[in-house]
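Structure assessment
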Amino acid sequence: MKLNKMRAVAKKEFKQLLRDKRLLFVIFFFPILLLVVFGYAINFDVQHVKLAVLDRDHSPESRLLLEKLNATVYFDVVKTLDSPSEIDEAINRKIAQAVMVIPPDFSKNVNTPLKDAKLQFVIDGIDGNTATIIKNYVDTFTELYSARLNAKFLNRLGKVITPTISVTPLFEFNPDLRSTVFLLPGLIAMILIVTASVTVALSFVREKEHGTEEQLRVSSLNSIELIIGKSLPFILVSVINAAMVLLAGYLLFGVAVKGSLLLLALAVLIFVIASTALGILVSVISDSQQVAFQLASLISMLPSLILSGFIFPIESMPKIIQLFTNLTPATFFIKAIRAIILKGVGLQNFWPQLVYLSLFPIILFGLSSAITKRKMDRA
Amino acid sequence: MDSIEVNNLTKKFGGFTAVNNVSFKVKRGEIFGFLGANGAGKTTTIKMLCGILTPSSGDALVAGFSVKDQPDMVKRNIGYMSQKFSLYNDLTVSENIEFFGGVYGLESKLFLERKKWALEIAGLRGKEKTITGDLPGGIKQRLALGTAVIHKPQIVFLDEPTSGVDPIARRQFWELINQLAQEDITVIVTTHYLEEAEYCNSLILMDSGEIIARGNVFELKNNYLNKTIYEIECEPTLLTLEILEENNIGDEITMYGNTIHVIAPKKDDVELTIRNALSSQNILLKSVKKIQPTLDDVFVHLLESKNET
Ligand SMILES: Nc1ncnc2c1ncn2[C@@H]1O[C@H](COP(=O)(O)OP(=O)(O)OP(=O)(O)O)[C@@H](O)[C@H]1O
Ligand SMILES: [Mg+2]
């Protein structure tokens, strides 16, 4: 392996990339497009949850609670039930996504200091994602409501306290509920895997199409020098891309990286190398840029969209599908960077993800070189 | 000393034999031509000799190294200009030269010298910043040759270097090839153009993966055609052709523009027969004379007689 040969290849590739305005546009426009689509257009925040109410207390307190609940954008009271037997029907016939049961002793308990007032919620669990979000809303709401009540009690007892939380708008306390935050790591994964694999695949297949590949094969360049030299510029571009998306995530959606930037960079690097390896595998089996483009975008985009846990939580997939989620490096990458970006935890919490992630380039390169070898003997 | 020695080289793609049991030798500093129609197996042979395609059987020594067992050593000693030929159209002239200099690992002093040389032979001094894709075909081909031999190999393979360029550019290209040969570089070149055979010291003619003739131009013209060729100038040509065919004169009758060639066995003199056949008809016969066979005649004859058997 000679460094100066590798440098010559990287330099050439970089110049070609800088001159390919169309490819550059795709590389930098695609992330922006995805950010806008997922950040703004698709709103994963659940609003206007249809709520049915079974009020068994019929007190001013219960009516006040309902009024407050209805006043938020998160809940719409769609129906008032008369007996517990109607609960199942309301859920099953999709009249309501959740039912709130106010027990008969609600007002009594609310007005008795140190006594817990209980509310019961029945939530439609068919869509696990939405159910979780509704549950979080309910938790937050009740927490907030009881804080207000507490303040009221204290007031009545002649003490003045300024509630610290009630002035902030509802639900801002629970940033984890906002879908952009959840989506950002997956978004980074998808942008990186698609841009890296597509650009690398195109760049290798173009050499085939133009006959320059043969020229490279007779030169004394070995395949490691060629692969590293050719991939280097794209790896660099991808890392820049990741930084851009993170910056945009911070500026537009206020998502800051809680954990170590260094670990984040490491995870990004391994993932980009895996994506590059995927691009090389595609280039080995495609003979034209068109085929390479379609194949690379398909096998990079679909699994990272559907299987990686980007949008659909892996835990709520059927067991057999969960197995398939291991097929895309995005799964491991997303787990790792969620831990870094959102939780800010240390390496001990996600190092297995990085190990799994590192297996991808090894397997993909092995597969590519086996296929190339077979092709060379045949053709 | 032989620069290349090919022994029973064969390449099969599945059940199809693209190169069949081919053997020949190329001397050092020679210009060696591969002639043959589309699909004859020229490119396949060259790729095996360059070490980028593994032979199905047989072997070849290129610069003393086996293409089968030491393809990497072979690659180190050769230059190759592929049929699709192979510069980066989106890079400048200078960037292309630098890239190939870089992948061959030239150290900077030698590189500068070779870069100057490559620019010179392509006639591109002062135009280093031109985008390669904007160059005319002939100049691009010379630049491609310059980059293919940037590392001063002792052998260079040129696969149809002159296809698709105008005759003047072709001529200039052949002068360049001559220049390389004078520097003791062995040049193997494939071509479709028979007239280019005249520039080669030695030739093989390939058809369907086999060598059907070999030698220098003189030998090819004389050894493979045990026949005499009569050139007939007449009017109208088509009618003449029909009459000659009706009378079954000679072995082959071919039309070349406004003349007709009749190929007949050396032993019988058919000039009189031709004159007699045409005299009774309404034909203006300008001349009938014996001519030197052209390579065209030889090849047409070889290919036709091969197809008959
Ligand atoms: N990789 C391959 N797989 C299958 N068949 C092949 C392959 N490469 C070449 N061939 C076939 O082998 C034959 C010889 O091809 P080759 O390219 O060597 O011919 P050629 O003499 O260079 O022709 P041309 O003048 O068109 O360049 C052709 O029939 C071609 O279709
Ligand atoms: Mg060819």
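Residues numbered from 1 in each chain as written. Chains lettered and ligands numbered in written order. Predicted model: local features only at pLDDT ≥ 70, side-chain atom pairs only at ≥ 80, totals over all residues. Heavy atoms only, no water.

**Concerning the overall build of chain B**
Our working definition: Helix numbering and strand numbering both begin at the N terminus, where a helix is a DSSP run of H or I of at least 4 residues and a strand a DSSP run of E of at least 2. For every residue, the accessible area (1.4 Å probe, protein chains only) is compared with the maximum for its type, and the residue is labelled buried under 20%, exposed over 50%, or partly exposed between those bounds. In this analysis, two residues are considered to be in contact whenever any of their non-hydrogen atoms come within 4.5 Å of each other. His is not counted, nor are the chain ends, whereas Lys and Arg count as positive and Asp and Glu as negative. Note on charges: their place is set at NZ of Lys, CZ of Arg, CG of Asp or CD of Glu.
On a plain count of helices and strands, chain B comes out with 10 helices and 14 strands. Overall, chain B is about 80 × 45 × 35 Å in size when its C-alpha atoms are taken along their principal axes. Out of the 309 residues in chain B, the part that is buried amounts to 54%. Within chain B, contacts between residues separated by at least 24 positions form 70% of all contacts whose residues are at least 6 apart in sequence. Between the mean site of the 33 positive side-chain charges and the mean site of the 41 negative ones, chain B shows a separation of 7 Å.

**Observations regarding the side chain of A:Ser238**
Position of A:Ser238 relative to the elements: it lies in helix H9 (residues 223-253). Residues contacting A:Ser238, with those up to four places away along its chain left out, are A:Leu192, A:Ala196 and A:Val272.

**Regarding the interface of chain A and chain B**
Note the following rule: Throughout, the accessible surface (probe 1.4 Å) given up by two parts as they are put together, summed over both, is called the buried area. A carboxyl oxygen of Asp or Glu within 4 Å of a side-chain nitrogen of Lys or Arg is what we treat as a salt bridge. Polar contact is the term for a pair of N or O atoms within 3.5 Å; when the atoms are in protein, one must be able to donate a hydrogen and the other to accept it, and sequence-neighboring residues count only if both atoms are side-chain atoms.
Listed by partner, the interface residues are 27 residues for chain A and 33 residues for chain B. Roughly 2,500 Å² is buried in total at the junction of chain A and chain B, and carbon and sulfur atoms are behind 55% of that figure. Along the contact surface separating chain A from chain B lie 3 salt bridges. Between A:Glu214 and B:Lys47 there is a salt bridge, and its shortest N-O distance comes to 2.8 Å. At the boundary of chain A with chain B, the tally comes to 9 residue pairs in polar contact (both at pLDDT 80 or more). Residue assignment for the side of chain A that touches chain B shows that the elements contributing at least two residues are helix H1 (3-19), helix H7 (179-210), helix H8 (212-218) and helix H14 (351-378) of chain A.

**A word on the environment of B:Asn247**
Residues and elements named next belong to chain B. Positionally, Asn-247 belongs in the loop between helix H8 (237-246) and strand S12 (252-256). For the pair Asn-247 and Ile-274, spaced 27 residues apart in sequence, the C-alpha separation works out to 9.1 Å. There is a polar contact of 2.8 Å between the side chain of Asn-247 and the backbone oxygen of Ile-243.

**A word on helix H9 (residues 271-279) of chain B**
For an α-helix, the turn length of 3.6 residues means that residues three or four places apart are oriented alike. Residues and elements named next belong to chain B. Put simply, the rule reads: For this quantity, the arc is that covered by the directions from the helix axis to the C-beta atoms.
Ile-274, Ala-277 and Leu-278 are the residues of H9 that are buried. Buried residues of H9, seen end-on, are gathered within an arc of 90 degrees and therefore sit on one face of the element. Facing away from the buried side of H9 by over 90 degrees, the exposed positions are Leu-272 and Ser-279. Buried residues in H9 make contact with strand S11 (227-235), H8, strand S13 (259-265) and strand S14 (284-291).

**Describing the site of ligand 1**
Operational definition: Here a residue is considered near a molecule or strand provided that any single heavy atom belonging to it is located within 4 Å of it. Residue polarity is assigned by list, with Asp, Glu, Lys and Arg as charged and Ala, Val, Leu, Ile, Met, Phe, Trp, Tyr, Cys and Pro as nonpolar; anything else, Gly included, falls into the polar class.
In the vicinity of ligand 1 there are 15 residues, among which B:Gly39, B:Lys42, B:Thr43, B:Thr44 and B:Gln83 approach most closely. Taken together, the residues near ligand 1 originate from chains A and B. In this structure, B:Asn38 approaches ligand 1 through a side-chain N or O atom, which is 2.9 Å from an oxygen atom. At 3.1 Å, a side-chain N or O of B:His192 approaches an oxygen atom of ligand 1. Among the elements of the structure, strand S2 (16-27) and helix H1 (42-49) of chain B are those that each provide at least two residues to the shell around ligand 1. Class assignment of the residues belonging to the shell around ligand 1 gives a composition of 6 nonpolar, 7 polar and 2 charged.

**Describing the domain arrangement of chain B**
Convention followed: Here the bounds of each domain stem from an automatic or database domain assignment.
If you check the domain split of chain B, you get domain 1 (2-221) and domain 2 (227-292). For domain 1 of chain B and domain 2 of chain B, the distance between their C-alpha centroids amounts to 41 Å.

**So, the pairing of strand S3 (residues 98-102) of chain A**
Residue and element names in this part refer to chain A. Rules: In this analysis, strands are considered paired if DSSP registers two or more bridges between them.
Counting buried residues along S3, 5 of its 5 residues qualify, which places the element largely inside the surrounding structure. In S3, alternate side chains face the same way, and those of Ala-98, Met-100 and Ile-102 on one face and Val-99 and Val-101 on the other are all buried. Examined bridge by bridge, strand S1 (residues 49-55) and S3 share 5 bridges and lie parallel to one another. Residue pairing across strands places Asp-55 opposite Ile-102, the latter belonging to S3. As judged from the 4 bridges shared by S3 and strand S4 (residues 120-123), these two strands associate in the antiparallel manner. Bridge assignment links Val-101 to a residue of S4, and that residue is Gln-120.

**Let's talk about a nonpolar patch on the surface**
Residues and elements named next belong to chain A. Rule in force here: A residue counts toward a patch only above 30% relative accessible area and without a salt bridge, and it is joined to like-charged neighbours within 9 Å or, for Val, Leu, Ile, Met, Phe, Trp and Tyr, to nonpolar neighbours within 5 Å. Computed with a 1.4 Å probe, the accessible areas rest on the Shrake-Rupley method; for each residue, only the protein chains presented here act as cover.
A cluster of nonpolar side chains, Phe-14, Leu-18, Leu-236, Ile-240 and Met-244, forms an exposed patch at the surface whose accessible area comes to about 420 Å². Taken together, the elements giving at least two residues each to the nonpolar patch come down to H1 and H9. Relative to the helices and strands, Leu-236 is located in helix H9. On the basis of relative accessible area, Leu-236 is assigned to the partly exposed category, the value being 47%.

**So, the pattern of salt bridges**
Following the criterion strictly, the structure yields 22 salt bridges over all chains and no others. Several salt bridges share partner residues, and in doing so they unite A:Lys12, A:Glu13, A:Glu207 and A:Lys230 into one network.

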